[in-house]
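Here are the chains, one letter per residue:
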Amino acid sequence: MDYELLRLIWWAFMAVLVVGFAVMDGFDLGVAAQLPFVARTDTQRRVAINSIGPVWDGNQVWLITAGGATFAAFPLLYAAAFSGFYFAMLLVLVALILRPVGFDFRNKLSDRRWRATWDAALFVSGAVPSVVFGVAVGNLLLGVPFHFDADLRLYYEGGLIGLLNPFGLFCGVLSLAMLLMHGAAYLALKTEGQVATRARWVLVAAALTAVVMFALGGVWVAWGMDGHVITSTVDTAGPSNPTTKTVVTRAGAWLENFARHSWMLAAPAAGFAGMVLAVLLTLRGRAGAAFMASALGVAGIIVTAGLALFPFLMPSSTHPRFGLTLWDATSSRGTLLTMTVVTVFFLPIVAAYTSWVYRVLRGRVTPAYVEEHGSSLY
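Residues numbered from 1 in each chain as written. Predicted model: local features only at pLDDT ≥ 70, side-chain atom pairs only at ≥ 80, totals over all residues. Heavy atoms only, no water.

Asks: What exactly am I supposed to notice about the overall build of the protein chain here?
Replies: Counting secondary structure elements, the protein chain contains 16 helices and six strands. Relative to the compact-globule value of 21 Å for 378 residues, the protein chain shows a C-alpha radius of gyration of 21 Å, a close match. Over its C-alpha atoms, taken along the principal directions, the protein chain stretches across nearly 65 × 40 × 40 Å. Expressed as a percentage of the 378 residues in the protein chain, the buried residues total 51%. Here the analysis covers contacts within the protein chain between residues at least 6 apart in sequence; of these, 80% occur between residues at least 24 apart. Only carbon and sulfur atoms are counted for the fraction: they give 69% of the accessible area of the protein chain, which is about 17200 Å². Taken as two groups, the 24 positive and 19 negative side-chain charges of the protein chain have centres that lie 9 Å from each other. (Helix = DSSP H or I, 4+ residues; strand = E, 2+ residues; numbered from the N terminus. Rg over C-alpha atoms; globule rule 2.2 N^0.38 Å. Buried < 20%, exposed > 50% of the residue type's maximum accessible area, 1.4 Å probe, protein only. Contact = heavy atoms within 4.5 Å. Areas by Shrake-Rupley, 256 points an atom, 1.4 Å probe, with all protein chains shown as cover. Lys, Arg positive; Asp, Glu negative; His and termini not counted. Charge placed at Lys NZ, Arg CZ, Asp CG, Glu CD.)

Right under this line is the structure:
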């Protein structure tokens, strides 16, 4: 395999990991974020919590794997992102820590205030990461304020408050709506009674909100911001050095990939179709198909953002020519080749045991089951 092909393979692998995290752990985040709205009594909340209780930790591995893969395959991106988004990532980390703590401690006491406190913590553990991940993607499209010096030392010139700009917050709300839809689809599939009924209406509201915001976001990207375009010759198999290219910014540039390669339009089409189908299938009572449609919608939205940015990984708003791309921010050819061999071997194993786990844990969590096995559940 030549260097260019390996770089493309690892861009695709990273896309799989990010989509895998959004689809698999996304419904965990969505369930937690809507916990106060779909579950009114203690038993109902335990039903919702125990619908994701057996799988949330395995699903979170997608995020950990994506972080590790970024470190190994795209070290410059890892350095820039973990420096620039440091406080945002710290906020996500604190929120995610609340999830296992909330699961484990909520049921230790029967006191209502005790459980309400941990319910609030679980809500934060779902809502905050959902918003912050969207804010991060929005800022990637806007560009992140960083540059390199002559020795390739990175300097970040922004802060947490700077990330909370109008477009970043818009994308954060879109992300929250998207994952609320996905979490509601999961609850409609895995629960019954009032929890499932309320989840269906959350799905309809969240999906329609996400459809409208996804469309408005496309308009904003097309006419409301500048994209980045490489104007110099790029050696796609050359050494990684983000300081050797020239880049210009112009309005609508993030949509030029879709104009040049019409097959890429399948991604936004999948995003819209998945969300609309999730609503229609939910109203018809087809929970399993609605969940799959929701997953398609989530994947479509994320892949659309990735294809719009391609080949950029992290554009620079202050020094566009230093923006990180697929062609100048990767590890060596040998590293990518070794990782490819390992991934090709282990990825089917991960897919197989994940499928087995979900097959074993199939079925609905009911109030009767929670009350009968209360001492052994969350």
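Now that the structure has been shown, we can carry on.
Asks: So what exactly am I meant to see when it comes to the nonpolar core here?
Replies: For soluble globular proteins, nonpolar side chains are generally found buried alongside one another. Within the largest apolar cluster, 103 residues are counted, with the highest numbers of intra-cluster contacts made by Trp10, Phe74, Trp254, Met314 and Leu324. Discounting chain neighbours no more than four positions away, the residues touching Phe74 are Trp10, Trp11, Met14, Ala69, Leu313, Leu326, Ala329, Thr330 and Ser331. (Core = buried A, V, L, I, M, F, W, Y, C linked by side-chain atoms within 4.5 Å.)

Asks: Is there a simple way to explain a nonpolar patch on the surface in this structure?
Replies: Together, Tyr86, Phe87, Leu90, Leu93, Val94, Ile97 and Leu160 give the surface a local cluster of nonpolar side chains, amounting to about 660 Å² of exposed area. Counting residues per element, the nonpolar patch draws most heavily on helix α7 (residues 86-106), at six residues. Within the secondary structure, Tyr86 sits in helix α7. For Tyr86, a relative accessible area of 48% corresponds to the partly exposed category. (Patch = residues over 30% accessible without salt bridge, like charges linked within 9 Å, V, L, I, M, F, W, Y side chains within 5 Å. Salt bridge = Lys/Arg side-chain N within 4 Å of Asp/Glu carboxyl O.)

Asks: Just checking my understanding: could you explain the side chain of Ser51 for this structure?
Replies: By secondary structure assignment, the location of Ser51 is in helix α4 (residues 42-52). When sequence neighbours within four positions are dropped, the list of residues in contact with Ser51 reads Tyr186, Leu187, Lys190, Thr191 and Val365.

Asks: What exactly am I supposed to notice about helix α8 (residues 112-142) here?
Replies: An α-helix turns once every 3.6 residues. As a result, residues three or four positions apart point the same way. The end-to-end C-alpha distance of α8, which contains 31 residues, comes to 45 Å, matching closely the 45 Å that a straight helix rising 1.5 Å per residue would cover. A distance of 3.2 Å separates the backbone nitrogen of Arg113 from a side-chain oxygen at the start of α8, and that oxygen is part of Asp111. (Expected span 1.5 Å × (residues − 1). Polar contact = N/O pair within 3.5 Å; in protein donor to acceptor, adjacent residues only side chain to side chain.)

Asks: What exactly am I supposed to notice about helix α2 (residues 26-33) here?
Replies: With eight of eight residues buried, α2 is to be regarded as a mostly interior element. All of the buried residues along α2 are Gly26, Phe27, Asp28, Leu29, Gly30, Val31, Ala32 and Ala33.

Asks: Would you mind going over the packing of aromatic side chains with me for this structure?
Replies: Centre distance and the angle of the planes are the two values used to describe a pair of aromatic rings. Per the stated rule, a full pass over the model turns up 23 aromatic pairs. It is Arg7 that lies over the ring of Tyr3; its NZ or CZ is 3.8 Å from the centre. (Phe/Tyr/Trp six-rings, centres within 6.5 Å; stacked < 30°, edge-to-face > 60°. Lys NZ or Arg CZ within 6 Å of the ring centre and 35° of its normal.)

Asks: Would you explain the pattern of salt bridges in this entry?
Replies: One pass over the full model with this rule turns up 10 salt bridges. Across the pair Arg153 and Asp151 runs a salt bridge whose closest N-O atoms are separated by 3.5 Å. Looking at Arg153, the relative accessible area reads 47%, which means it is partly exposed. Look at the salt bridges and you will find they share partners, linking Asp42, Arg45, Arg106, Arg115 and Asp119 into a network.

Asks: Quick question: what am I supposed to make of the packing of helix α10 (residues 166-190) against helix α14 (residues 287-309) here?
Replies: A pair of packed helices is characterised by two quantities: the angle between their axes and the separation of those axes. Close contact between α10 and α14 brings their axes to 8 Å; oriented N to C, the two are set at 160 degrees. Overall, the two elements α10 and α14 adopt an arrangement that is roughly antiparallel. The crossing of α10 and α14 is left-handed. Counted together, Met178, Met181, His182, Ala185, Tyr186, Ala188 and Leu189 of α10 and Ala287, Gly288, Ala290, Phe291, Ser294, Ala295, Val298 and Ile301 of α14 form the full contact between these two elements. Among the residues forming the contact of α10 with α14, the class breakdown is 12 nonpolar, three polar and no charged. (Axes fitted to C-alpha atoms, helices over the stretch in contact; angles between N-to-C directions. Parallel < 35°, antiparallel > 145°, perpendicular 65-115°, else oblique. Left-handed = near helix turned anticlockwise from the far one by under 90°. Nonpolar A, V, L, I, M, F, W, Y, C, P; charged D, E, K, R; others polar.)

Asks: Honestly, the environment of Gly217 in this entry has me stumped. Any pointers?
Replies: Examined against the element boundaries, Gly217 turns out to sit in helix α11 (residues 194-223). With 43 residues separating them along the chain, Gly217 and Leu174 place their C-alpha atoms 8.9 Å apart.

Asks: What is the right way to read unusual backbone geometry from this model?
Replies: Most peptide bonds take the trans form, and the phi angle of most residues other than glycine is negative. Of note, the amide linkage connecting Phe310 to Pro311 takes the cis form, showing an omega dihedral of 5 degrees. Positionally, Pro311 belongs in the loop between α14 and β5 (312-314). Even without glycine at this site, Leu152 takes up a positive phi of about 60 degrees. Along the polypeptide, Leu152 turns up in the loop between β1 (146-148) and β2 (154-156). Its relative accessible area of 33% is what places Leu152 among the partly exposed residues.

Asks: Could you clarify how one ought to interpret the packing of helix α5 (residues 56-73) against helix α6 (residues 75-84) in this entry?
Replies: Contact pair α5 / α6: the axes reach a minimum separation of 5 Å and the direction vectors enclose 120 degrees. By the angle between their axes, α5 is oblique relative to α6. Mapping the contact onto sequence places Gly67, Thr70, Phe71, Ala72 and Ala73 in α5 and Pro75, Leu77 and Tyr78 in α6.

Asks: Honestly, the environment of Phe85 in this entry has me stumped. Any pointers?
Replies: Along the chain, the position of Phe85 falls in the loop between α6 and α7. The spatial distance from the C-alpha of Phe85 to the C-alpha of Val132 is 10.0 Å, given a sequence separation of 47 residues. Setting aside its immediate chain neighbours within four residues, Phe85 contacts Ala80, Ala136, Leu140, Val144, Leu163 and Met314.

Asks: Looking at this model, I keep getting lost on the side chain of Asp28. Mind explaining?
Replies: Checked against the element boundaries, Asp28 lands in helix α2. Among buried Asp, Glu, Lys and Arg side chains, Asp28 stands out as unpaired, with Arg99 the closest opposite charge at 4.4 Å. Contact partners of Asp28, with chain neighbours within four places excluded, come to Ile52, Val55, Trp56, Asn59 and Arg99.

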